[in-house]
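# Close look at the chain arrangement
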Amino acid sequence: MRREILDIEKMEGWQLYQQQVREEVNREVENLRRVEIEGRTLQDIGAEYVRIIQKINGLNRAIEIPEELKNYE
């Protein structure tokens, strides 16, 4: 399986996918930095924070899985 993953990682589509995911992560990190707190409840702020963190974690996970599979064998 390691060889197959290495072949996929060389493909232009995979590289484009990784780039798009990283750009989305960067956008979400910016959103996290700009969470509006004025006039909002602590619960509302916390919910937005958790939503953004979960999205960032999910996006990063999509890129980490192939690396983990390569190291698994």
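Residues numbered from 1 in each chain as written. Predicted model: local features only at pLDDT ≥ 70, side-chain atom pairs only at ≥ 80, totals over all residues. Heavy atoms only, no water.

## Brief notes about the overall build of the chain
Filter applied, for reference: Helix and strand labels come from DSSP, where a helix needs a run of H or I of at least four residues and a strand needs a run of E of at least two; each type is numbered from the N terminus. We compute the radius of gyration over the C-alpha atoms and compare it with the globule rule, which gives 2.2 Å times the number of residues raised to the power 0.38. Exposure is judged per residue with a 1.4 Å probe applied to protein chains only, and the accessible area is read against the type maximum: over 50% gives exposed, under 20% gives buried, and values in between give partly exposed. Contact definition: two residues touch when any of their heavy atoms are within 4.5 Å. Here the open area of atoms and residues is found with the Shrake-Rupley method and a 1.4 Å probe, where only the protein chains shown may cover a residue.
Counting secondary structure elements, the chain contains three helices and zero strands. Reading the helices (α) and strands (β) of the chain from amino to carboxyl end gives α-α-α. Against the 2.2 N^0.38 benchmark of 11 Å for 73 residues, the chain shows a C-alpha radius of gyration of 17 Å, more extended than a compact globule. Projected onto the principal axes, the alpha-carbon positions of the chain cover approximately 55 × 25 × 10 Å. The proportion of buried residues among the 73 residues of the chain is 21%. For the chain, restricting intrachain contacts to residue pairs at least 6 apart in sequence, the fraction spanning at least 24 positions comes to 67%. For the chain, the computed accessible surface area is about 5800 Å², with 53% contributed by carbon and sulfur atoms.

## Digging into the nonpolar core
This is how it is decided: Take the buried residues of types Ala, Val, Leu, Ile, Met, Phe, Trp, Tyr and Cys, join any two whose side-chain atoms come within 4.5 Å, and each joined set is a nonpolar core.
Membership of the largest hydrophobic core is limited to eight residues, which are Val21, Val25, Val35, Ile45, Ile52, Ile56, Leu59 and Ile63. Of all the secondary-structure elements, those providing two or more residues to this core are helix H2 (12-33) and helix H3 (42-72). Residue contributions to this core peak at five residues, all from H3. When sequence neighbours within four positions are dropped, the list of residues in contact with Val35 reads Arg40, Ile45, Glu48 and Ile52.

## Quick look at the confidence of the model for the chain
Heads up, the rule is: As a per-residue measure, pLDDT reflects the predictor's confidence and takes values from 0 up to 100.
Counting all residues, the mean pLDDT for the chain is 92, and 99% of those residues have values of 70 or more. Looking over the chain, one finds the lowest element-wise mean pLDDT in helix H1 (residues 2-10), namely 85, and the highest in H2, namely 96.

## Section: H2
The condition that has to hold: The span expected for a helix works out to 1.5 Å for each residue beyond the first. Working definition: the arc comes from the directions between the helix axis and the C-beta atoms, pointing outward to the latter.
Here H2 spans 32 Å end to end across 22 residues, near enough to the 32 Å set by a 1.5 Å rise per residue. Regarding H2, the residues found buried are Trp14, Gln18, Val21, Glu24, Val25 and Glu28. For H2, the angular spread of the buried residues around the axis is 125°, confining them to a single face. Facing away from the buried side of H2, by more than 90 degrees, are the exposed residues Glu12, Asn26 and Arg33.

## Observations concerning the packing of H2 against H3
Applied cut-off: Every axis corresponds to a line fitted to the C-alpha atoms, with the helix fit spanning only the stretch in contact, and the corresponding angles, defined between N-to-C directions, vary from 0 to 180 degrees. The scheme is simple: roughly parallel for angles under 35 degrees, roughly antiparallel for over 145, roughly perpendicular for 65 to 115, oblique for anything else. Should the near helix be turned counterclockwise from the far one by less than a right angle, the crossing is left-handed, whereas a clockwise turn marks it as right-handed. Each residue gets one of three labels, nonpolar for Ala, Val, Leu, Ile, Met, Phe, Trp, Tyr, Cys and Pro, charged for Asp, Glu, Lys and Arg, and polar for the others, Gly among them.
Running from N to C, H2 and H3 cross one another at 160°; their axes reach a closest spacing of 10 Å. Regarding the angle of H2 to H3, the classification is roughly antiparallel. Where H2 crosses over H3, the handedness of that crossing is left-handed. Residues Trp14, Tyr17, Gln18, Val21, Arg22, Glu24, Val25, Glu28, Val29, Asn31 and Leu32 of H2 lie in contact with H3, whose contacting residues are Tyr49, Arg51, Ile52, Ile53, Lys55, Ile56, Leu59, Asn60, Ala62, Ile63 and Pro66. Tallied by class, the residues present in the contact of H2 with H3 amount to 14 nonpolar, three polar and five charged.

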